[in-house]
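# Summary of structural features
As a plain string of letters, each chain reads:
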Amino acid sequence: MNIYFLVEGNSTEKKIYPKWLEYLIPNLKRVKYYDQVKNNNYYLISGEGYPNILHDGLDNAVDKIRETKKYDYLVICVDADEETVEDRGNYIDNFMQEKNINLGETKVEIIIQNRCIETWLLGNKKIFNSRQPLTKTLSNYVDYYDVSQNDPEIMGKYNMRNHADFHYEYLREVFRAKNRVYSKKYPKDAKEKYYFEQLQRRVQDQPEDLKTFQVFLEFCERVKKQLR
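On to the packing of helix 5 (residues 136–144) against helix 6 (residues 163–177). Running from N to C, helix 5 and helix 6 cross one another at 125 degrees; their axes reach a closest spacing of 9 Å. For the element pair helix 5 / helix 6, the angle class is oblique. Every pair of crossing elements has a handedness; the one defined by helix 5 and helix 6 is left-handed. Note on element contacts: helix 6 touches helix 5 through Phe 166, Glu 169, Tyr 170, Glu 173, Val 174 and Ala 177, opposite Thr 137, Leu 138, Tyr 141, Val 142 and Tyr 144. The residue makeup of the contact of helix 5 with helix 6, split by class, is eight nonpolar, one polar and two charged.

Have a look at this one:
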């Protein structure tokens, strides 16, 4: 089993996904270069944003997969941004069909972060409790939408430019309330095992929440069972 991960972000996802894969599929080992895969390996690279991931990133991935002939999956990880999950997924499917992409036995899996990876990270109920002392900014955010009680994936964008901007700022304020720091370049605690386990617990306790995060978890569980 070998997997080629093509992620949208150039910073956060490149740091967080390898840690999550380490927790979920410890026998799946990362390689530095795409042609180093042998058995139970994965390669991960950024597509340098959207829509560039569907042009240069995807073209490059297809070339590498065809060259090596060793990959079982191509996993494309993107944000939903301002689209619905269904619309973004359909767009990628149609894009690949129009380009007549044929990877042979390599399966394609699309993981859509609704709305972005920070949306998923807001699901940690242990780091944030709306009953704790809050900064004024965070209190305003909670009055608008309490992510400790309600599904972060269906939260709006407050008065900001888009959903991703607000969800990112909300997460930063949650960390500030704990005297911690979160940034795209330095996610720090957000990539640690204790943090990830709280996200798992969220979907176990509230299975109606973080549906797209659950898609990622289910994919990893399938891979874990398939490892030879």
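The next subject is the pairing of strand 1 (residues 2–7). When you tally the buried positions in strand 1, you get six out of six residues, the bulk of the element. Residues Asn 2, Tyr 4 and Leu 6 point to one face of strand 1 and Ile 3, Phe 5 and Val 7 to the other, with burial holding for every one of them. Sheet topology places strand 1 next to strand 3 (residues 41–46); six bridges connect them, and they run parallel. Opposite Asn 2, over in strand 3, you have Asn 41 as the bridge partner. Bridge count for strand 1 against strand 4 (residues 73–79) is five bridges, and the pairing is parallel. Bridge pairing links Val 7 to Cys 77 in strand 4.

Scanning all chains against the criterion turns up 13 salt bridges. Between Arg 176 and Glu 173 there is a salt bridge whose closest N-O contact spans 2.3 Å. Of this pair, Arg 176 and Glu 173 both sit in helix 6, three residues apart, roughly one helical turn. Looking at Arg 176, the relative accessible area reads 36%, which means it is partly exposed. Residue class for Glu 173 comes out buried when judged on its relative accessible area of 10%. Beyond isolated ion pairs, a larger network of salt bridges with shared partners links Asp 81, Glu 83 and Arg 88.

Among the secondary structure elements, Asp 79 is positioned in strand 4. Within the buried core, Asp 79 has no salt-bridge partner, and the shortest N-O distance to an opposite charge, that of Lys 184, equals 6.3 Å. At a separation of 2.5 Å, a polar atom in the side chain of Asp 79 contacts the side chain of Gln 113. When neighbours within four sequence positions are excluded, Asp 79 is seen to be in contact with Glu 8, Glu 13, Arg 88, Ile 112, Gln 113, Arg 115, Cys 116 and Ile 117.

The next thing to look at is the packing of helix 1 (residues 12–24) against helix 8 (residues 211–226). Interhelical geometry of helix 1 versus helix 8 gives an angle of 50 degrees and a closest axis separation of 10 Å. Our classification of the angle between helix 1 and helix 8 gives oblique. Viewed along their axes, helix 1 and helix 8 form a crossing whose handedness is right-handed. Each of Tyr 17, Trp 20, Leu 21 and Leu 24 in helix 1 lies in contact with helix 8, whose residues at this interface are Phe 213, Phe 216, Leu 217, Cys 220 and Lys 224. In the contact of helix 1 with helix 8, the residues fall into eight nonpolar, no polar and one charged.

Here we come to the nonpolar core. A general tendency of soluble globular proteins is for nonpolar side chains to be buried together. Grouped together as the largest cluster of nonpolar side chains are 50 residues, with contacts concentrated most on Ile 3, Trp 20, Tyr 170, Phe 213 and Phe 216. Non-local contacts of Phe 216, meaning those with residues more than four positions away in its chain, are made with Tyr 17, Trp 20, Leu 21, Leu 24, Ile 111 and Trp 120.

Our focus in this paragraph is the sheet that holds strand 5 (residues 107–113). Overall, parallel pairing links the five strands, which are arranged 2-3-1-4-5 in an open sheet. Each edge of the open sheet carries a strand with a single partner, namely strand 2 (29–30) and strand 5. In the sheet, strand 4 pairs with strand 5 via seven bridges, with the strands oriented parallel. Pairing of Ile 76 across the sheet is with Ile 110, part of strand 5. Sitting on the sheet, helix 1 touches strand 1, strand 2, strand 3, strand 4 and strand 5, and the angle it makes with strand 3 is about 160 degrees. Relative to the sheet, helix 8 contacts strand 1, strand 4 and strand 5, its axis offset from that of strand 5 by approximately 150 degrees.

Cut-off values and rules
Residues numbered from 1 in each chain as written. Predicted model: local features only at pLDDT ≥ 70, side-chain atom pairs only at ≥ 80, totals over all residues. Heavy atoms only, no water. Axes fitted to C-alpha atoms, helices over the stretch in contact; angles between N-to-C directions. Helix = DSSP H or I, 4+ residues; strand = E, 2+ residues; numbered from the N terminus. Parallel < 35°, antiparallel > 145°, perpendicular 65-115°, else oblique. Left-handed = near helix turned anticlockwise from the far one by under 90°. Contact = heavy atoms within 4.5 Å. Nonpolar A, V, L, I, M, F, W, Y, C, P; charged D, E, K, R; others polar. Buried < 20%, exposed > 50% of the residue type's maximum accessible area, 1.4 Å probe, protein only. Pairing = 2+ DSSP bridges. Salt bridge = Lys/Arg side-chain N within 4 Å of Asp/Glu carboxyl O. Lys, Arg positive; Asp, Glu negative; His and termini not counted. Polar contact = N/O pair within 3.5 Å; in protein donor to acceptor, adjacent residues only side chain to side chain. Core = buried A, V, L, I, M, F, W, Y, C linked by side-chain atoms within 4.5 Å.

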